[in-house]
Amino acid sequence: MTSPQTVRPYQSYVYAYPHKTAYRPLTGRPALRELWAGEPKDALSLYLHIPFCEVRCGFCNLFTRIGAPDELTTRYLDALDRQATAVRDTLGDDEPVRFAAAAFGGGTPTFLTAAELERLCDIAEKRMGADLRSVPLSVETSPSTATADRLAVLADRGTTRISIGVQSFVDAEARAAVRPQRRADVESALGRIRDARIPVLNIDLIYGIDGQTENSWRSSLDAALGWQPEELYLYPLYVRPLTGLGRLGADAEAAADAVWDEQRLRLYRAGRDHLLAHGYEQVSMRMFRRGDAPQEGPADYACQTDGMIGLGCGARSYTSRLHYSFDYAVEMREVRAIIDGYTATEDFSHAEVGRYIDGDEVRRRHLLQSLLQAEGLYLADYHERFGAAPGDDFRGELGRFEARGWLDGSAVASGLLRLSPEGLAHSDALGPELFSPAVRAAMAAYELK
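Owing to the predicted nature of the structure, the values given are computational and were not obtained by experimental measurement. One numbering rule holds for all chains: residues counted from 1, following each sequence as written. Thresholds applied to this predicted model are a pLDDT of at least 70 for local features of residues and 80 or more for the giving and counting of side-chain atom pairs; totals over whole chains, interfaces and linings are not thresholded and use all residues. Based on all heavy atoms of the structure, the side-chain values leave hydrogens and waters out of the count.

Quick rundown of the nonpolar core? Include the residues and the values.
Among the nonpolar cores identified, the biggest contains 110 residues, and Leu46, Leu205 and Ile309 are the most heavily contacted of them. Secondary structure elements follow DSSP: runs of H or I no shorter than four residues count as helices, runs of E no shorter than two count as strands, and numbering proceeds from the N terminus. Among the elements that make up this core, the one with the highest residue count is helix H2 (residues 72-91) (nine residues). Contacts are assigned to residue pairs with any non-hydrogen atoms lying within 4.5 Å of each other. For Leu46, the residues in contact, after removing those within four places along its chain, are Phe99, Ala101, Ala102, Ala103, Ala124, Met128, Ala130, Ile309 and Leu311. Among the buried residues, those of types Ala, Val, Leu, Ile, Met, Phe, Trp, Tyr and Cys that are joined through side-chain atoms within 4.5 Å form a nonpolar core. Relative accessibility decides the category of a residue: with a 1.4 Å probe and only protein chains considered, values under 20% of the type maximum give buried, values over 50% give exposed, and everything between is partly exposed.

Listed below in C-alpha cells is the structure:
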C-alpha cells in the first residue's frame, strides 16, 4: 500500500473548481441574457465582493487592495449598482427569480463605513430583489473593522453569520504572518460581535506559522473556544507567489519543505482532536461546527452549485454551462488596474472572462464538492444525476485514494463514498488530483500577475 506521507499533503485549497487561473477571455463576450435563458432561477446564491482591506496579510492571495483613496469606495459602489441593475435585467421576469442565500466577501466588506454597508444591502435588495432578512446572509469582517456601528447595520439588515479572520491569538505569530494586530483588539472585536447578537460567529485560525508550537496553537484554539463560536475554520498556512510572505523570501523551496508539511499535519490533527473533544463536529478538513449550533445556509463548498450571481470585480458567477468573472490578479499594481477598470465600466451586460463547463467537468465538480465534505457523497444521488457510479467515471483516481487509505470502506454499506480521517487530512492533495487534464493545462499556462 502507498503511504499517504509519500504524497505532499498541502498542494492547493480547492475552494472553487475550476480555479480562476483556468479562466480565459471569452470569445464574442456572450450576452448574460442568453447565458441565463432557460437556467433555473428560483434558488440562486448571491455574492457581493468588496475588494478593499486596511492591510494585506502576508499569506493573502485574494483579489484585494490596501485602502481606497479619492472616494474609490463610492465609485466602486456606483459601479456595483450599475452592474446589479444590468444583471437583474438580464435575468428577466418570465419566471420567478429568487435568492436562497447571500454573502458579502472580499477583501473585507466591513472596510466600508456603516452608511456604505447600508447602500450595499440596498443594492442586494432593491436592485437584485434579494430579501436579506429572510435568507441566510454571511458577511466577512476583520478585528479592526468590526465596529459597533457597522455591526449594528449588518444585524439590522438580517445578517445571520459573521466570519472574522483572527488567524492567531498570539501576537508574535500574527506578526510572523504579516498580520499586524494585538490580541486585546481581537478580543474587543469579538465582544462587539457577540453584543450585536448575530446568530452564527465563525473564527478563522491558521496553523503552520513560523515559530508556532503545539502549545501556542492550543492557546489560540482555547482563546477562540472561550467565545463559544458556532463555527471554527482551521486553515493551513500557504506561501504563494506574489504574496507578502513570498516576497519576504519564503519561496517555493521553503514551501516544499517536508518538515513544514509534517508540522502542519501535526498541528492539524491536534486542532481537529481538540475541537472534537470540545463538542464540535467536523464538516470538512477546514470547517468545524459546534454540535448545538444551527446550520446557516449551504454547507462548505455547496455555494458552488449551479446558479450563483456574483457582483463586483472579484466575484464569480455560475450557470450550468459557464463560470465567469472579471480578470484575476494578485500583484497589487495589477489589482488596482482591474478595480479602476471596473469602476469605469458602464456596460455590464456581457460575460468577459470565464470557462465553459462540459459534462465531464460537471461530474468532477460534483465529486469534489461532495467528497471534500466529511459527510461524503451519496451514491444514489450521483447515479440519479449522472446515470453512472463515481467508480465508473473516476476509477483511476478513486483507486489511488483507496490504495492510500484515504477512503472509508465502511461507508459503502450506507450508500456513501466518504473520506477516511486520513483522507480528510489530505484534502489539499486529493482535490487537485481530481482536476481534469484540460484544467491543469490551463492553470499551468496562466501567467501570474
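Explain unusual backbone geometry to me, and be specific about the residues and the numbers.
A cis geometry characterises the amide bond from Tyr17 onward to Pro18, with omega recorded as -5 degrees. Counting through the fold element by element, Pro18 comes out in the segment before strand E1 (24-25). With a phi angle near 45 degrees, Arg29 is a residue other than glycine that sits in the positive phi range. Checked against the element boundaries, Arg29 lands in the loop between E1 and helix H1 (32-36).

Please give an account of empty space enclosed by the protein that cites residues and values.
Rolling a probe over the atoms, with the probe sized like a water molecule, indicates the empty space that remains. Buried and open spaces are told apart on a 1 Å grid over the protein atoms alone, a cavity being a set of points where a 1.4 Å probe fits but cannot get out and a pocket being an open set with protein on both sides within 12 Å along at least five of seven lines. Residues with an atom within 4 Å of a point are the lining residues. Grid points are joined across faces, edges and corners, and a volume is the space filled by probe spheres set on the points. Counted according to the given criterion, the structure contains four cavities of 30 Å³ or more. Approximately 120 Å³ is the volume found for the second largest cavity. Looking at the second largest cavity, it is lined by 15 residues, and the ones nearest its centre are Leu32, Gln83, Gly310, Tyr324 and Phe326. At the level of secondary structure, the elements contributing two or more residues to the lining of the second largest cavity comprise H2, strand E12 (308-311) and strand E14 (322-325). Across the lining of the second largest cavity, the residue classes tally to eight nonpolar, six polar and one charged. Asp, Glu, Lys and Arg are counted as charged, while Ala, Val, Leu, Ile, Met, Phe, Trp, Tyr, Cys and Pro are counted as nonpolar; the rest, among them Gly, fall into the polar class.

Could you give an account of the packing of aromatic side chains, naming the residues involved and the relevant values?
Classification of ring pairs rests on two measures: the distance between centres of Phe, Tyr or Trp rings, Trp counted by its six-membered ring, which must be within 6.5 Å, and the angle between planes, read as stacked under 30 degrees, edge-to-face over 60 and tilted in between. Applying the stated criterion to the full structure yields 16 aromatic pairs. For the ring pair Phe52 and Phe111, a centre distance of 5.8 Å and an interplane angle of 35 degrees mean the geometry is tilted. Of this pair, Phe52 sits in strand E3 (residues 52-53) while Phe111 is found in the loop between strand E5 (99-106) and helix H3 (114-127), placing the two residues 59 residues apart along the sequence. Of the two residues, Phe52 and Phe111, neither departs from the other in class, the shared state being buried. Where Tyr382 meets Phe386, the ring centres are 4.8 Å apart and the plane angle is 55 degrees; that geometry is what we call tilted. Taken together, the positions of Tyr382 and Phe386, both in helix H13 (residues 379-386) and four residues apart, correspond to about one turn of that helix. What makes Tyr382 buried here is its relative accessible area of 0%. Assessed through its relative accessible area of 14%, Phe386 is described here as buried. Pairwise contacts between aromatic rings join Phe52, Tyr76, Phe111, Phe326, Tyr342 and Phe348 into one cluster.

Explain the side chain of Ser370 to me, using residue names and the numbers behind them.
Mapping Ser370 onto the fold places it in helix H12 (residues 359-371). Look past the residues within four positions of Ser370 in its chain and what remains in contact with it is Gly376 and Leu377.

Requested: an account of the packing of H2 against helix H11 (residues 332-343), with residues and values cited.
Two numbers describe how H2 lies on H11: the axes approach to 8 Å, and their chain directions differ by 55 degrees. One way to sum up the angle between H2 and H11 is to call them oblique. Contacts between H2 and H11 involve Leu72, Arg75, Tyr76, Ala79, Leu80, Arg82 and Gln83 on the former and, on the latter, Ile339, Asp340, Tyr342 and Thr343. Across the contact of H2 with H11, the residue classes break down as six nonpolar, two polar and three charged. Note on geometry: axes are C-alpha line fits, over the in-contact stretch for helices, and angles between N-to-C directions span 0 to 180 degrees. These descriptions rest on fixed angle ranges, namely under 35 degrees for roughly parallel, over 145 for roughly antiparallel, 65 to 115 for roughly perpendicular, and the rest for oblique.

How would you sum up the pattern of salt bridges? Please name residues and give values.
Any carboxyl oxygen of Asp or Glu that lies within 4 Å of a side-chain nitrogen of Lys or Arg is treated as forming a salt bridge with it. Considering all chains together, one arrives at 32 salt bridges under this definition. A salt bridge links Asp122 to Arg157; the nearest nitrogen and oxygen atoms lie 2.8 Å apart. Of this pair, Asp122 sits in helix H3 while Arg157 sits in the loop between helix H4 (148-156) and strand E7 (161-167), and the two are 35 residues apart along the sequence. Note that Arg182 is salt-bridged to Asp185, the shortest N-O span being 3.1 Å. By relative accessible area, which is 37% here, Asp185 ends up partly exposed.

Pulling in residues and values, what's your account of the packing of H3 against H4?
Where H3 meets H4, the axes come as close as 9 Å, and the angle between the chain directions of the two elements is 20 degrees. Judged on the interaxial angle alone, H4 and H3 are roughly parallel. Both H3 and H4 take part in a crossing whose hand is right-handed. On H4, the residues touching Ala114, Leu117 and Glu118 of H3 are Asp149, Arg150, Val153 and Leu154. Split into classes, the residues belonging to the contact of H3 with H4 amount to four nonpolar, no polar and three charged. Here is the rule for handedness: rotate from the far helix to the near one, and if that takes an anticlockwise turn smaller than a right angle the crossing is left-handed, while a clockwise turn gives right-handed.

Kindly report on H11, identifying the contributing residues and their values.
One less than the number of residues in a helix, times 1.5 Å, gives the span that helix is expected to have. The terminal C-alpha atoms of H11 lie 17 Å apart, and with twelve residues this matches the ideal 16 Å at 1.5 Å per residue to within 8%. Among all positions in H11, only Met332, Val335, Ile338, Ile339, Tyr342 and Thr343 are buried. The arc enclosing the buried residues of H11, seen along the axis, measures out at 135 degrees, which places them on a common side. Directions are taken from the helix axis to each C-beta atom, and the arc is the one they span.

Let's hear about the pairing of E14: which residues, and what values?
In the case of a regular strand, side chains alternate between the two sheet surfaces. The side-chain alternation of E14 yields two buried faces, one formed by Leu322 and Tyr324 and the other by His323 and Ser325. Relative to E14, strand E13 (residues 317-318) runs antiparallel, the two being bridged by two bridges. Its bridge partner lying in E14, Ser317 is registered against Tyr324. Counting the residues that bridge the hairpin from E13 to E14 gives three residues. For E14 and strand E15 (residues 353-356), the ladder comprises four bridges, and the chain directions are antiparallel. When the sheet's bridge partners are listed, Ser325 is paired in E15 with Val353. Strands are labelled as partners when DSSP assigns at least two bridges between them.

Any chance you could break down the side chain of Ser216 for me, citing the residues and the numbers?
Assignment of secondary structure puts Ser216 in helix H7 (residues 214-225). For Ser216, the residues in contact, after removing those within four places along its chain, are Val170 and Glu173.

Quick rundown of the confidence of the model for the chain? Include the residues and the values.
On average, the chain scores 90 in pLDDT, and the residues at 70 or more come to 90%. Per-residue confidence from the predictor is reported as pLDDT, which spans 0 to 100. Considering only residues more than four positions removed or in separate chains, one finds that residues 241-248, a stretch of pLDDT under 50, has 22 contacts. In the predicted structure, residues 300-304 sits below a pLDDT of 50 and forms 20 contacts with residues beyond four places in sequence or in another chain.

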